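Letter by letter, the chains look like this.
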Amino acid sequence: MDLTNVHAIFRPNQQGLKKVLGDLEAEIMEAVWAQGQPVLAKDIHPQLPSGKDLSYSTIVCTMTALVEKHLLQVVAKEGKARIYLPTTSREDFLHQTLGHVIDNILAAFPDTAAALMQRRLDTDEASLPRLRQQLDALSAEENS
């Protein structure tokens, strides 16, 4: 997945995907992934937490923006309506986006980031085996 068109934002005070996507974009992507099949904007609209306050055209406009960001793709048309599918799984999106954020932090603040990670590992020894296990699993995936 190419993150070039995803305007990288990181909002630490938000919850879930809203940390890395706009609020409505995050709600739409969660709803599309939950469907697990091709969807129309009219199918997504009632599922959105903020849907009752939004017009249908706002949903369509945001889904078009998600197509431009390569997070959704149009797979067919039904009359004037477009049928959408995500271009990647939620898990792959999170891996790539968070990797992008971490890589940028490490590039911009290498010494501070390394010191902070070391301090976190030193103070939270209970999570160290779990972290090592996750790193080993990721390394195995990359090598296969």
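Reference entry: report on the structure contained in this document. (Residues numbered from 1 in each chain as written. Predicted model: local features only at pLDDT ≥ 70, side-chain atom pairs only at ≥ 80, totals over all residues. Heavy atoms only, no water.)

**Observations concerning the overall build of the protein chain**
Okay, so step 1: Scanning the protein chain from N- to C-terminus turns up six helices and three strands.
Okay, so step 2: The linear arrangement of helices and strands in the protein chain, starting from the amino end, is α-β-α-α-β-β-α-α-α.
Okay, so step 3: Per-residue burial for the protein chain yields a buried fraction of 25% across its 144 residues.
Okay, so step 4: Pairs at least 24 residues apart make up 45% of the contacts formed inside the protein chain by residues separated by at least 6 positions.
Okay, so step 5: Carbon and sulfur atoms provide 53% of the accessible area of the protein chain, an area that totals close to 9500 Å². (Helix = DSSP H or I, 4+ residues; strand = E, 2+ residues; numbered from the N terminus. Buried < 20%, exposed > 50% of the residue type's maximum accessible area, 1.4 Å probe, protein only. Contact = heavy atoms within 4.5 Å. Areas by Shrake-Rupley, 256 points an atom, 1.4 Å probe, with all protein chains shown as cover.)

**Focus: the packing of aromatic side chains**
Okay, so step 1: For the coordinates displayed, the defined rule picks out one aromatic pair.
Okay, so step 2: For the ring pair Trp33 and Phe93, a centre distance of 5.9 Å and an interplane angle of 40 degrees mean the geometry is tilted. Of this pair, Trp33 sits in helix α1 (residues 23-35) while Phe93 sits in helix α4 (residues 90-108), and the two are 60 residues apart along the sequence.
Okay, so step 3: On the basis of relative accessibility, which here comes to 0%, the residue Phe93 falls in the buried class. (Phe/Tyr/Trp six-rings, centres within 6.5 Å; stacked < 30°, edge-to-face > 60°.)

**Details of the sheet that holds strand β3 (residues 81-86)**
Adjacent strands of a sheet pair through backbone hydrogen bonds, lying either parallel or antiparallel.
Okay, so step 1: Strand order across the open sheet formed by three strands is β1-β3-β2, with antiparallel pairing between neighbours. Two strands lie at the open edges of the sheet, namely β1 (39-40) and β2 (72-78), each paired on one side alone.
Okay, so step 2: Direction of pairing for β1 relative to β3: antiparallel, over a ladder of two bridges. The partner of Val39 across the bridge, within β3, is Tyr84.
Okay, so step 3: α1 rests against β1, β2 and β3 of the sheet, and its axis sits at about 80 degrees to β3. (Pairing = 2+ DSSP bridges. Axes fitted to C-alpha atoms, helices over the stretch in contact; angles between N-to-C directions.)

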